[in-house]
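Structural features, examined
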Amino acid sequence: MLILFLSLMLASVQATPVLLESGQDAPRRRLLMDYGWRFTRGDVPGAEQPTFDDQAWRVVDLPHDWSIEGPYDEHAPTTGRGGYLPTGIGWYRRRFALPEEATGRRIHVVFDGIYQHSDVWINGHHLGHRPNGYISFAYDLTPYLVEGENVLAVRVDNSRQPNSRWYSGSGIYRHAWLLITDVLHLDLWSTFVRTPLVDSTAATVAVTAQLVNTDTTRRTGSLETLVLDPNGHAVARTILPFTVAPGASATAEASLPVERPALWSPETPVRYTLRLLVRERGRVIDGEDTPFGIRHLAFEADRGFLLNGRPVKMRGVNLHHDGGPVGAAVPEAVWVRRLKLLKAMGVNAIRTAHNPPAPEFLDLTDRMGFLVMNEAFDEWTHGKVEYGYHRDFDTWAERDLADFIRRDRNHPSVILWSLGNEIAEQHVEGGPEVLLRLRNVARREDPTRPLTTGNDHIAADDGATTEAFLSLLDIVGYNYVDRWHERRELYAEQDRHAHPTWKMIGTENVSVRGVRGAYSLGDDPARVDPDYTTGMIRAAELWKFVALHDYFMGDFMWTGIDYLGEARWPHKNASSGVLDLVGFPKDGYHFYQSLWTDAPVLHLFPHWNWPGREGQFIPVLAYTNVDAVALYLNDRFIGEKRRQFPRPGTSGCWNCYDEPPVRVTTADLHLSWDVPYEPGVLRAVGKRNGETVVTAEVHTTGPPAALRLVADRDTLVAGVRDVGHVRVEVVDAAGRVVPTANNPVHIRIEGPARLLALGNGDPADHSPYQATERRVFHGLAMAFVQTTDDPGSARLTATADGLRSDTVTLTVVPAAPPPPRLP
Ligand code: GAL
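Structural notes, computed from the coordinates. (Residues numbered from 1 in each chain as written. Predicted model: local features only at pLDDT ≥ 70, side-chain atom pairs only at ≥ 80, totals over all residues. Heavy atoms only, no water.)

Side note on the overall build of the protein chain
Along the protein chain, the regular secondary structure elements total 9 helices and 47 strands. Radius of gyration (C-alpha) of the protein chain: 28 Å, near the 28 Å computed for a compact globule of 823 residues. Seen through its principal axes, the protein chain has C-alpha atoms that stretch 90 × 65 × 55 Å. Sorting the 823 residues of the protein chain into buried and exposed places 60% on the buried side. The long-range share in the protein chain, meaning contacts at least 24 apart out of those at least 6 apart in sequence, stands at 73%. Surface accessibility of the protein chain: about 31,600 Å² in total, with carbon and sulfur atoms responsible for 51%. Positive and negative side-chain charges of the protein chain, numbering 84 and 103 respectively, have mean locations separated by a distance of 3 Å. (Helix = DSSP H or I, 4+ residues; strand = E, 2+ residues; numbered from the N terminus. Rg over C-alpha atoms; globule rule 2.2 N^0.38 Å. Buried < 20%, exposed > 50% of the residue type's maximum accessible area, 1.4 Å probe, protein only. Contact = heavy atoms within 4.5 Å. Areas by Shrake-Rupley, 256 points an atom, 1.4 Å probe, with all protein chains shown as cover. Lys, Arg positive; Asp, Glu negative; His and termini not counted. Charge placed at Lys NZ, Arg CZ, Asp CG, Glu CD.)

Details of the packing of helix H1 (residues 332-345) against helix H2 (residues 359-368)
Where H1 contacts H2, the axes come no closer than 10 Å and their chain directions differ by 40°. It follows from the interaxial angle that H1 and H2 lie oblique. As for how H1 packs across H2, the hand of that crossing is right-handed. Taking contact as the criterion, the partners of Glu332, Trp335, Val336, Leu339, Lys340 and Lys343 in H1 are, on H2, Glu360, Phe361, Leu364, Arg367 and Met368. Along the lines of polarity and charge, the residues of the contact of H1 with H2 split into 6 nonpolar, no polar and 5 charged. (Axes fitted to C-alpha atoms, helices over the stretch in contact; angles between N-to-C directions. Parallel < 35°, antiparallel > 145°, perpendicular 65-115°, else oblique. Left-handed = near helix turned anticlockwise from the far one by under 90°. Nonpolar A, V, L, I, M, F, W, Y, C, P; charged D, E, K, R; others polar.)

Considering the packing of aromatic side chains
Tallied over the entire structure, the rule returns 33 aromatic pairs. Ring centres of tryptophan 37 and tyrosine 92 lie 6.4 Å apart, and the angle between their planes is 85°; on these two criteria the pair is classed as edge-to-face. With tryptophan 37 in strand E2 (residues 37-41) and tyrosine 92 in strand E4 (residues 88-97), this pair connects stretches of sequence that are 55 residues apart. Taken as a pair, tryptophan 37 and tyrosine 92 share a single burial class, namely buried. Ring geometry for tyrosine 592 and tryptophan 596: centres 4.6 Å apart, planes at 50°, overall tilted. Residue tyrosine 592 and its partner tryptophan 596 are located together in helix H9 (residues 587-596), separated by 4 residues, close to a single helical turn. Exposure class is identical for tyrosine 592 and tryptophan 596. Each is buried. An aromatic cluster is built from Tyr519, Tyr532, Trp543, Phe591, Tyr592, Trp596, Phe605 and Tyr623, whose rings are joined through pairwise contacts. (Phe/Tyr/Trp six-rings, centres within 6.5 Å; stacked < 30°, edge-to-face > 60°.)

Some points on helix H8 (residues 537-548)
Spanning 12 residues, H8 covers 17 Å between terminal C-alpha atoms, matching the ideal 16 Å at 1.5 Å per step. Elements that come into contact with the buried residues of H8 comprise strand E22 (314-319), helix H6 (487-490), helix H7 (493-498), strand E29 (552-557) and H9. (Expected span 1.5 Å × (residues − 1).)

Some points on the pattern of salt bridges
Pairing is possible between side chains of opposite charge, provided their charged atoms come close. Applying the stated rule across the entire model yields 56 salt bridges. Here arginine 279 and glutamate 224 are joined by a salt bridge, their closest N and O atoms 2.7 Å apart. Of the two residues, arginine 279 is situated in strand E17 (residues 272-280) and glutamate 224 in strand E14 (residues 219-228); the sequence distance between them amounts to 55 residues. Looking at arginine 279, the relative accessible area reads 22%, which means it is partly exposed. (Salt bridge = Lys/Arg side-chain N within 4 Å of Asp/Glu carboxyl O.)

With respect to H9
Each α-helix turn comprises 3.6 residues. Residues three or four places apart therefore point the same way. When you tally the buried positions in H9, you get 10 out of 10 residues, the bulk of the element. Listed as buried for H9 are Asp587, Gly588, Tyr589, His590, Phe591, Tyr592, Gln593, Ser594, Leu595 and Trp596.

Description of the environment of valine 120
Among the structural elements, valine 120 can be located in strand E6 (residues 118-122). Valine 120 sits in the buried class, given a relative accessible area of 0%. On a C-alpha basis, the gap between valine 120 and tryptophan 91 in space is 10.0 Å, while along the polypeptide they are 29 residues apart. In contact with valine 120, not counting residues within four places along its chain, are Phe111, His125, His126, Leu127, Gly128, Tyr139, Leu152, Ala153 and Val154.

A look at the pairing of strand E28 (residues 504-508)
In terms of residue burial, E28 counts as a mostly covered element, since 5 of its 5 residues are buried. Bridge count between strand E27 (residues 476-479) and E28: 4 bridges; the pairing is parallel. Looking at the pairing, asparagine 479 lines up with glutamate 508 of E28. In this sheet, E29 lies alongside E28 in parallel orientation, the contact comprising 2 bridges. Looking at the pairing, methionine 504 lines up with phenylalanine 552 of E29. (Pairing = 2+ DSSP bridges.)

Examining the packing of H1 against H9
In a packed pair of helices, the relevant descriptors are the angle between the two axes and the axis-to-axis distance. Close contact between H1 and H9 brings their axes to 8 Å; oriented N to C, the two are set at 50°. Relative to H9, the element H1 is oriented oblique. Contacts from Leu341, Ala344 and Met345 in H1 reach Tyr589, Tyr592, Gln593 and Trp596 in H9. The residue makeup of the contact of H1 with H9, split by class, is 6 nonpolar, 1 polar and no charged.

Details of the side chain of arginine 295
Secondary-structure assignment places arginine 295 in the loop between strand E18 (283-292) and strand E19 (297-300). No salt bridge forms around the buried arginine 295; measuring N to O, its nearest opposite-charge neighbour aspartate 366 is 7.5 Å away. Within polar-contact distance, the side chain of arginine 295 engages the backbone oxygen of proline 412 at 2.9 Å. Sequence-distant contacts of arginine 295, that is, excluding residues within four places in its chain, are made with Thr195, Val198, Trp264, Leu307, Asn308, His411, Pro412, Val414, Ile415 and Arg449. (Polar contact = N/O pair within 3.5 Å; in protein donor to acceptor, adjacent residues only side chain to side chain.)

Notes on the nonpolar core
Core analysis: the largest hydrophobic core is formed by 154 residues, its most contacted members being Phe111 and Leu152. Core analysis: the second largest hydrophobic core is formed by 29 residues, Ala203, Leu223, Ala245 and Leu256 among them. (Core = buried A, V, L, I, M, F, W, Y, C linked by side-chain atoms within 4.5 Å.)

Considering the sheet that holds strand E24 (residues 371-375)
An order of E22-E23-E24-E25-E26-E27-E28-E29 is seen for the 8 strands of this closed barrel, with the pairing classed as parallel. With strand direction ignored, the average angle separating the axes of adjacent strands in the sheet is 25°. In this fold H8 packs onto E22 and E29, with an angle of close to 150° to the strand it touches most, E29.

Brief notes about a negative patch on the surface
A contiguous patch of negative charge, built from Asp523, Asp524, Asp529 and Asp531, is present on the exposed surface. You can call aspartate 524 partly exposed: its relative accessible area is 37%. (Patch = residues over 30% accessible without salt bridge, like charges linked within 9 Å, V, L, I, M, F, W, Y side chains within 5 Å.)

Side note on the environment of glutamate 288
Tracing the chain through its elements places glutamate 288 in strand E18. When the C-alpha positions of glutamate 288 and valine 278 are compared, they lie 8.9 Å apart, and in sequence the two are 10 residues distant. Engagement of the side chain of glutamate 288 in a polar contact is seen with the side chain of threonine 191, the distance being 2.6 Å.

Take a look at the structure:
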């Protein structure tokens, strides 16, 4: 029986913050269930039984990915797609006693993601099976719980291979939670916050939520809905009476006005909080906080994407879900560092290629300000890999898509849904019908955001994407429009004329490939045959098109960061990133930074250690956004080169020209010089309007002399598995990083921290990430240092044969307050 609320709206403004987790008004508890699991590889008959003896199993904490432990094997069943890493079957078990507060309440376990094909049991009772490795899901444990010890058992089956085109990881690789609520509670992921009306003077916040009554009696009370501003002050409130029959659920709807809202954007990522309080006789019995943003999205055929009324070009990157050396179990602090680097590159948009991300990833994109194209699938009914999702699609896709959208639809950063990547249904018979099935689900769960897919056959000669398929999309997504003949130069222009009402976005179109710091002049010592001078050409062509065509909403380059898998032996990762696997910028990073940011950028490459090449002409390149760069070698003037983009008159206003005009020397988006090699110092001086605004130098270095450690943060937090990144540099006697160094380095940590991983960005390095020794790669390595529960002082020391060692000290402070955990 469904009883709907009488919607009584009392909009009032109240200035006192209400604390949801305070004392007796702490109505629901969400306990982190990450700690103290037992784990074993392989299949174990009977391990779901509570009496099973797991004492010989390893103790692990979540998030946990067993694949990243290796070893790499050229013949691994995952093939290069999975980075040649092991997969198979694994079991997890967690014993727990119910906290006292749980008596008489409803207890759910929530998994943010298990890769893949998980089965979960509580006290021997099978709760369910979930094939999709990227989906979050929950089970109600209540009927099967006992006093004393309970045992949760999870079997993970990632044995059928290959089932992914990239590295997936294996195991409970995301957080797990125990959710304790009243028997009358707000249903998981039922809350939906929308902002149907937004301008700078006022906004309307529309809320839907579902109350579930698992009690045996009718429950009556009131639902209070509060909007808290970014400072935690209530700025709008409604109170709705409710009555829910036993075993029934009811939908609540409210609409609240917010005056002079602070608008969310990538530059101003301000969040409001929607607070729901379920009261009976004045007492709060359940409640939930949902962060959201107030922003207005418009997607137009002519003007492209508009945020809060202003056209915004998406400067996007594709990202896979792994974190490089930490595998698929990515601590939040690793994402924080990666996202900061992307932000500094000028990125304002991210496509979650090609699966639902971790929930905390979207919290970060909300808080740090990124527009997210949230993508669901890489396969529908037609497979790309033998054991891919196509095998589960018919049974699970609608459920998975609904759960995904319900979980993520309140994030202000999420601006559109991608239903799939390079899906075969774009050009096969019956494809539009499959799309329609998914579209119906997406519209039902979120009618506010547009739908797209990344289509790679739009201009194919054979098997072109059908118009029937494209016409069902709100926005036509282009994947590699440059794959097709003359379209390389025209991109979407022909479609624009044929279909003037289409809305268009570049979902994935180009890479600036390359391995960090790897420059070759060829094998012939008498001839210079460089391999680093052309990687940016197609990216430049594409960006010229995207930047100058308002109707094209932007583009997501492939990829922001290197990712494990999609590799060919001996490489274990793809090198399409502009950041390498440990997060060191490659030259391509500075290329995009020069196009996507305004503060002066001047990046010179390659390195200048070329013994034996004296007198030969070596190309020197610069990525820059200044108009003129003068290059000097050992203080000798080599020449000045000038660029300008966009060309005057092609942007801004009619007849607007920069003064003084730039007499350009190239139509490229980079500058280059051929410099006769001699060791020493290359010095570039960048000017705007004739004034020096930036300089850059590249030095010929001496041989390795010492190690230098540079931490990204001095202070880490205990109890939250915080991660510090310590850069290990091999430097010469003058303190310059030696770009050709590959010395093996040993890391030792004392104090309350551990070495989570040691990486170097080398795609062909097969030593395990957990080892304490690794070669630096082109002078650099990265130590990922993770805190424990204890505060104190952690000392990391790096040593290497023949080099001066170095030590860095990190202060570990207590978490305040520590997140509630299941004991
Ligand atoms: C694209 C695909 C990506 C990745 C990339 C490699 O076509 O969507 O997932 O495989 O190619 O270049």
